[in-house]
Amino acid sequence: MTVLEYMKDHLLFLDGGMGSLLQNMGIKPGEHPERWSVSHPEIIEQIHLDYFNAGCNVVNTNCFGANTLKFDAEECDRIIKASIENAKRAAARSTNPEPKFVALDIGPCGKLLKPYGDLDFEDAVECFAGMVRSGVKHGADLIFIETMNDSYETKAALLAAKENSDLPVFVSNAYGEDGKLMTGATPAAMVAMIEGMGADAIGCNCSLGPAQLRGVVDELLANASIPVMLKPNAGLPKDVDGRAVYDVLPDEFAEEIVTQIKAGVRVAGGCCGTTPEYIKALTSKAEGLEPLPVYPKNKTVVSSYTHAVEFAESPILIGERINPTGKKRFKQALIEKDIDYILQEGVNQQDAGVQILDVNVGLPDIDEVSMLNNVMYELQAIINLPLQIDTADAVAMEKALRRYNGKAMINSVNGKEESMKAIFPLVKKYGGVVVALTLDEGGIPATAEGRIAIAKKILETAASYGIDKKDIIFDTLAMTISADPAAALATLKSLEYIKNEMGCHTSLGVSNISFGLPKREGVNSTFFAMALERGLSAAIMNPYATDMLKVYYAYRALHNLDENCADYIEFATNLVETAAAPAQAAAAKTPEDFKSQLQKAIVKGLKDQAAEVTGQLLATTDALEIIQQEIIPALDIVGKGFEEKTVYLPQLLMSAEAAKASFEVIKANMPSGQSIDKFPMVIATVHGDIHDIGKNIVKLLLENYGFKVIDLGKDVPPADIVAAVIENKAPVCGLSALMTTTVPAMEETIKLLAEQAPWCKVVVGGAVLNEDYANRIGAGKYAKDAMDTVRFADSVEI
């Protein structure tokens, strides 16, 4: 029996924590827990055995971080082989009569992917692929991707698993107190991407206790059509008589998870701080419970790296301006590779209120494969809207879909066999919502009946690839009425049938209807209103077309899709202001109040523009004035947004990169001997820990606020950190740790600093820490995030 077969009719119970148990068994500070699979197999086997005997069905192998960024390839394979053998021996010895399975455990690689970090997406895929190939070779029953706090890294791991094995794949993410991943993704966004790529179960683990994750679980259950997992911590660690004790006891832990099983969770276990006692309490309390059925949610959803956009009752606006058709300046930008111009088009459309951006860079004179990838990459770096990948080149489409961070909208497929054969495998592999054009080898039918017949053929063919109709949006093709007076009626009739009789969503390029006519906006807006009344789900349109927007906002208000008509009132107010004072009104539409072009460029993350404007300012403005009056206030805007959860990590990092570009221009133009640095600060990831994402983020922000940062890297011994603090006479030292097993190394470092560099204040951070725990190990400050570290450093007086 496979794990998927067992899950059909049973709850599936997972194991609990590993690292916290190894700490109790004597693992040394800085020692890699994965190596214990080889050096202490009897201990690892016993832990697995205790979990199986407590009632769990699945144990995760002790190879969480056994990847080639941490170990060489041969050692990775030895660790994974040993870890699977240890778990299989435990399964064979267990007295638990229920089926038992061994999951290849894959944790984060410890690096942030580009554009926010330095690890390329394909390098991340290969890093995880090596683990998967070893896991398959040595007999794992399934793959368990866990504790991922970045959507892009999650995609890399899932893609590696799907490309290198036929094993079931479970994916679990680590959500923060705000219910989002570190890089901003909501549970709904993760469902869209992970389910779209074919994972077998989705869930959350680590970070928080079971009660604190209830909101995340509720959102997963509301959106997922695959089983939902819950593997929380035993609460948070607290200091009790000088040792770390988690604050949720086994009975409370089990009671809360059983409540969530009754709400629909089908796969449950524990993470940090949990032990076999917790799993025994859970399986005992859950005895006799029947799992709730998993049913299709039938939601048509695309996503970015932060959020999902659902096609439902309220129509979706897709911005059309990133497209060279009829746009001379845009064509020039593509030929000249003027990415900043293209990014500004994206930013402007986002400010205008579109929910999705169409991205089309097709020109005969350029390398479309390379350009599409580059434009998509740069847009996703600074804009959090989902993208519609718009190309007729199947090679360009695949490369873009592979690297897209989220679940993309795909434009397009049509009824031609050649088109469906090229596009549907990409939709199946990478996930996506595909726009289907109602044309085939015979061209575009003149009648609604002809277009409907093509739509039915497309649905039937898509189903043969395993693609559900929820992931297909039909474009019934608006053709100009100047050439065919009946064209609009054929488009509308087929649209209405497809939406209401076939149950599929629809999209149109509305403005095509008026091609060749004068005063086109009147025709376009009237046709738009007619289409909306017949069930149009989305429109690809110019977001600056006032008449079209009047129809859109009025339609939503009249159909009770705009609570208290708030959006309509705001739109109408801006229209009145535009008529009275266009320049001021345009400024009022911008969400933030920017003092200058430089501030806006930094806040929006436009690096090249920030550098260019800084160079211009230096001709008339003192460098320190630019820093104090322009750069730092811009960073403060973004930092405040980050702290208030209105700005997420990717936006913060790209703003920091834009500020860095500005600083580089200033430094290059400063007189010799003049410096803008504040005091030196030493930072490091502690001994035994290779996860330096948090540290690298802190470094970038500190440097932008003027601190001289001495970055010692990752896995740094305590003595090396102390030596660097003494050598640089650093008033502050920042220490980072992600793993429970490396917190003792952090404590050892703090004690050594207190002895040899007592003037140095220590600030600590990391997923396994909280303020109480930080106080216990002697830290001067617990920083909940990167901006908290900056605020602390700024407060230190020397």
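This structure is a prediction, so every number in the text was calculated from the model and none was measured. (Residues numbered from 1 in each chain as written. Predicted model: local features only at pLDDT ≥ 70, side-chain atom pairs only at ≥ 80, totals over all residues. Heavy atoms only, no water.)

**Student:** An account of the sheet that holds strand β25 (residues 781-782) is needed here, citing residue identities and associated values.
**Tutor:** The strand order across the open sheet formed by 5 strands is β22-β21-β23-β24-β25, and the pairing between neighbours is parallel. Where the open sheet ends on each side, the last strands, each with one partner, are β22 (708-711) and β25. Sheet topology places strand β24 (residues 761-765) next to β25; 2 bridges connect them, and they run parallel. When the sheet's bridge partners are listed, Val763 is paired in β25 with Lys781. Against the sheet, helix α28 (residues 718-728) engages β21 (680-685), β22 and β23 (732-736), with an angle of about 170 degrees to β21. (Pairing = 2+ DSSP bridges. Helix = DSSP H or I, 4+ residues; strand = E, 2+ residues; numbered from the N terminus. Contact = heavy atoms within 4.5 Å. Axes fitted to C-alpha atoms, helices over the stretch in contact; angles between N-to-C directions.)

**Student:** Talk me through the packing of helix α7 (residues 151-164) against helix α8 (residues 187-196); I want residue IDs and the actual numbers.
**Tutor:** Between α7 and α8, the least distance of the axes is 11 Å, while the angle of their chain directions is 15 degrees. By the criterion of interaxial angle, the relationship of α7 to α8 is roughly parallel. Pair α7 / α8 crosses with right-handed handedness. Of the residues in α8, those touching α7 at Ser151, Thr154, Lys155 and Leu158 are Met190, Met193 and Ile194. The residue inventory of the contact of α7 with α8, partitioned by class, reads 4 nonpolar, 2 polar and 1 charged. (Parallel < 35°, antiparallel > 145°, perpendicular 65-115°, else oblique. Left-handed = near helix turned anticlockwise from the far one by under 90°. Nonpolar A, V, L, I, M, F, W, Y, C, P; charged D, E, K, R; others polar.)

**Student:** Quick rundown of the packing of helix α23 (residues 597-604) against helix α24 (residues 607-617)? Include the residues and the values.
**Tutor:** Orientation of α23 relative to α24, taken along the N-to-C sense of each, is 160 degrees, at an axis distance of 9 Å. Here α24 runs roughly antiparallel to α23, going by the angle between their axes. When you trace α23 past α24, the crossing you get is left-handed. Counted together, Gln597, Leu598, Ala601 and Ile602 of α23 and Gln609, Ala610, Val613, Thr614 and Leu617 of α24 form the full contact between these two elements. Residues of the contact of α23 with α24, tallied by class, amount to 6 nonpolar, 3 polar and no charged.

**Student:** Could you give an account of the sheet that holds strand β1 (residues 12-13), with specific residues and numbers?
**Tutor:** Backbone hydrogen bonds are what pair the strands of a sheet, in a parallel or an antiparallel way. The strand order β1-β10-β7-β6-β5-β4-β3-β2 describes an open sheet built from 8 strands, whose pairing is parallel. This sheet does not close on itself; its edge strands, each paired only once, are β1 and β2 (58-60). Bridge count for β2 against strand β3 (residues 101-106) is 3 bridges, and the pairing is parallel. In the sheet register, Val59 faces β3, and the bridge partner there is Val102. Seen against the sheet, α7 touches β4 (142-148) and β5 (169-173) and runs at an angle of roughly 175 degrees to β4.

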